[in-house]
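Close look at the chain arrangement
The lines below spell out each chain.
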Amino acid sequence: MSNYLYINNEQIDLDSEIPMPISFSVGDFKNPENRKRSVSKTITVPGTQNNKRIFSNAYELSLTNELGNLGFNFNTNAKVGARYLRNGVPIFIGLVRLLNVKISGGVYSFEIVLFSDVVNMIKEMNDINVSELDWSKYNHTLNVANVSNSWDTSVMVNGTATSNYTAGKPDGFGYWYPIIDFAYNNISNTTINIENLVPYLYVKETFEKCFENIGYTLDSDFLNEDMIKALTWGFGGGEKEMITAPDVADRQVKYNFDANIVTQFNPIGSLSSYSSIIQKTYPLVNFTPTSVADSYLQFNIGTGEITCMRTGRYNLNLDFDTLVSYNITSGTASGFSQVRTVIKKNGRQVGIASSFYSLSNTPTTYSLNADTILDLNAGDIVSVEYLVSNNFSSSAYFTYETTIDLNNAFTLDMTSIQGSYKFGSFFGVNRFIPKMKCGEFVKGIINMFNLYVSEPDEDGVVKIEPLSQFYQGEENWTELLDYSRDINIEPSVNKSAKSFNFKFAKDEDVFNKDYFDTFGVNYGDYKYTSDNEYNTKEITFQLPFAQSVPNEITSGYVIPNITQVDNGTPKPYKGKARIFFNNGLKAMGGWSINTGTNVSPILTSYSSYPQAHHSYGNITNPTFDLNFSKPEEVLYNYTNYSNNNLFNKYQRINILEQTSIDGKVLKAYFNLESENIMDFRKLVNINGVLYRKNLIDNFDANGNETTKV
């Protein structure tokens, strides 16, 4: 038989007579909530001894889960990977779900469904804020060297200055301190107090980290373009959040814990094969707490959880030296115990420490001193637990035990970090990251640049490119077209809309408000209206970032302004997240950073400044503009404003294909082979006309029928 199905890298026995129809869909993330995932119909696999072993925990009623572990071969509560191949060619790579176990006349069968994980990616990303990702390696001291190095040289990575520029261009990671007018108490617009500078992050690294957090890596030429690696985002302005010193003290939750927990385990198996592949969690309720600080009584001894009483940003520090070991108590076996520390917010994992392996019965020390930043609302629940994964096997029956000894050296310390910072302060860059879900950020960048997303391959690699780069090459399907079945050709405009709105998030800082009041549209937005007289539908692509209006302070000194005016006086304005290009250092004599006070300044002067702008490169004659349209007015001098913008470069072709009188949607049946299925990136040539694949409906590698596309 040439068909092979692997579940969790174990081969499943298949019945060659059973159909396995699978539908495939292109990875369009712009509206993931409406997108159809790649999915199979229900597939029935036979109850062979091999399949019964793999699905044993789903039907063996005598097997229990009383230890709270995953001690069976198939975990119905977790994501399980699947690969389906025909003649060595991958037909499907994704996940599998067990739907039902049937026992008829003593004969077993298992009903499963295969499905892709692309639709769920954005949903999973929305379980965590961008600020809650691990940015701790960029913690640094606020001083002149670290600020100025970020402009063209290096950033601090785990306490070491690390180059993040190549040939003067950003490499797309780390942090960057631009000059932005927030209406803080500086000496002047050209003499800025160092504590009023705010670090921004790079879009490339943030985008990649959002995918990495849910287990995927990216392959993208787009993300490695110089222009994209120079794109930064972050703080939208407003008064710096501060709380009083007594409230900071009252918000602290600090406890010491101690215990020595020994857990017995038994393997499963028979005859000459026994194994124990088990995960078990040990939350703090298993240990003995001693209170050090908890004025608001936020820690619940009965549950081992912290219930936040005051909304704010917190740092959770875990500091411990735990003794970990295992012991084979009867028989012999080989294997290991793996220990990790997991931090959860409202039951969702938001942090995990590196794995520690115990390879012997001699206690070894698992040490950690790590910080996790948490954005908490009153009522949010924070929990910490050890996650122990055991993997042992033997040809004969055996038993074993694991030991976790806190060694009177486990401290949990959760503290508020909303206080102000000054010159010389040590702080984390995520202090200034806007409160935004990872899914919201990723969807915003995808909408901005019209990115297309492939299905993950078997290594969890996702290909992401703009439309023009996503589709590469073509294949001729002219001879595959089944003329004996219905062929439907419909104008693409029937499936599209009358108009398309491309919008930044609306903000009302002084210059954005003035622009809207003058021109009736928001700075950077664009509305495309087709000449279709039969369609009234509107589609809006809304970004989570607000656009900023740059203002020329003096000749050549152009900076974004995020302020409001109260009775003629500029005041800080709390806006939405902003996005800028790091345009490098631009000549401008006579500006300074002040590390002293306004009364007794200590100045470091510069002849160039780090420019943040929506135009890339030379803003008087740019190569690209991060607006959807050319503004009606800008507040600086230019010689040639670029029309190479977000709409024209990334959106126009796609919109014209949908609205042009030449655009067509073809539905027909084709005699497809396995090689035609997985790669949605190739254009299809049918009688000299090029099409983009959208949906392949119920392709069955075992069948003889043509497939609807």
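Look above for the structure.
In short, a report on the structure. (Residues numbered from 1 in each chain as written. Predicted model: local features only at pLDDT ≥ 70, side-chain atom pairs only at ≥ 80, totals over all residues. Heavy atoms only, no water.)

**Quick notes on empty space enclosed by the protein**
Selection criterion: Points on a 1 Å grid, built from protein atoms alone, make a cavity when a 1.4 Å probe fits but cannot get out and make a pocket when they are open with protein on both sides within 12 Å along at least 5 of 7 lines; residues with an atom within 4 Å of a point are the lining residues. Grid points are joined across faces, edges and corners, and a volume is the space filled by probe spheres set on the points. As a working rule, the residues Ala, Val, Leu, Ile, Met, Phe, Trp, Tyr, Cys and Pro are called nonpolar, Asp, Glu, Lys and Arg charged, and the rest polar, with Gly in that last group. Comment: elements are numbered from the N terminus, with helices defined as DSSP H or I runs of at least four residues and strands as E runs of at least two.
In total, this model carries three cavities of 30 Å³ or more according to the counting rule given. As a volume, the largest cavity reaches approximately 50 Å³. Around the largest cavity, the lining residues are F504, A505, K506, D507, N512, N522, Y523 and Q547. Each residue belonging to the lining of the largest cavity can be placed in one class, and the counts come to three nonpolar, three polar and two charged. Estimates place the volume of the second largest cavity at around 40 Å³. The set of elements that each furnish at least two residues to the lining of the second largest cavity consists of β16 (200-202) and β18 (231-234). When the residues that make up the lining of the second largest cavity are grouped by side-chain class, the tally is nine nonpolar, one polar and no charged.

**Concerning the sheet that holds strand β35 (residues 451-453)**
Here is the rule: Any two strands are treated as partners once DSSP identifies two or more bridges connecting them. To define axes, lines are fitted to C-alpha atoms, for helices over the stretch in contact only, and angles between the resulting N-to-C directions are given on a 0 to 180 degree scale. Contacts are assigned to residue pairs with any non-hydrogen atoms lying within 4.5 Å of each other.
Taken in spatial order, the three strands line up as β17-β36-β35 in an open sheet, and their pairing is mixed. Edge positions in the open sheet fall to β17 (217-219) and β35, since each of these has one partner strand only. Here the strands of the sheet are splayed against their neighbours by 35° on average, with no regard to which way each runs. Where β35 lies against strand β36 (residues 461-466), three bridges are found, and the strand directions are antiparallel. Each residue of the ladder has a partner; that of L451, found in β36, is P466. The sheet strands contacting helix α4 (residues 203-212) are β17, β35 and β36, and the helix crosses β17 at an angle near 130°.

**Quick notes on the packing of aromatic side chains**
Using the following cut-off: Each Phe, Tyr or Trp ring (for Trp, its six-membered ring) is paired with any other whose centre lies within 6.5 Å, and the angle between the two planes then decides the class: stacked below 30 degrees, edge-to-face above 60, tilted in between. Only protein chains enter the accessibility calculation, which uses a 1.4 Å probe. A residue is then buried if its area is under 20% of the maximum for its type, exposed if over 50%, and partly exposed in between. Only when the NZ of Lys or the CZ of Arg is both within 6 Å of the ring centre and within 35 degrees of the ring normal is a charge said to sit over the ring.
For the structure on display, the rule yields 53 aromatic pairs. Residues W151 and W591 carry aromatic rings whose centres are separated by 5.7 Å and whose planes lie at 45° to one another, so their mutual orientation is tilted. In this pair, W151 sits in helix α3 (residues 144-152) while W591 sits in strand β46 (residues 578-594), placing the two residues 440 residues apart along the sequence. The same class applies to W151 as to W591, namely buried. These aromatic residues form a ring-pair network of at least three members: Y255, F257, F287, F299, F320, F356, Y366, Y386 and F410. The ring of Y6 has R83 lying over it, and the distance from NZ or CZ to the ring centre is 4.7 Å. It is K506 that lies over the ring of F516; its NZ or CZ is 3.8 Å from the centre.

**Remarks on the side chain of T659**
We count it as follows: A 3.5 Å cut-off defines polar contacts: any pair of N or O atoms within that distance qualifies, except that in protein one atom must be a possible hydrogen donor and the other a possible acceptor, and neighbouring residues in sequence count only when both atoms are side-chain atoms.
Mapped onto the fold, T659 is located in helix α10 (residues 646-659). Here T659 falls in the buried class, since its relative accessible area comes to 6%. Among the polar contacts made by the side chain of T659, one reaches the main-chain carbonyl oxygen of I655 at a distance of 2.9 Å. The residues contacting T659, other than those within four sequence positions of it, are S492, V493, S496, A497, F500, Y528 and S530.

**Considering the packing of helix α7 (residues 438-449) against α10**
Here is the rule: Reported orientations rely on four angle classes, namely roughly parallel under 35 degrees, roughly antiparallel over 145, roughly perpendicular from 65 to 115, and oblique for the rest.
One way to put it is that α7 packs onto α10 with a least axis distance of 8 Å and a crossing angle of 85°. If you check the angle between α7 and α10, you find them roughly perpendicular. Here N447, M448 and F449 of α7 come into contact with α10, specifically with L646, Y650 and Q651. Split by residue class, the contact of α7 with α10 holds four nonpolar, two polar and no charged.

**Concerning the pairing of strand β7 (residues 89-104)**
Looking at chain direction, strand β6 (residues 80-86) and β7 are connected through seven bridges and run antiparallel. Within the sheet, the bridge partner assigned to V80 lies in β7 and is V96. Count of turn residues in the β6/β7 antiparallel hairpin: two residues, of which N87 carries a positive phi of about 55°. Here β7 pairs with strand β8 (residues 107-115) via nine bridges, running antiparallel.

Worth remembering: the numbers are spatial, not functional.
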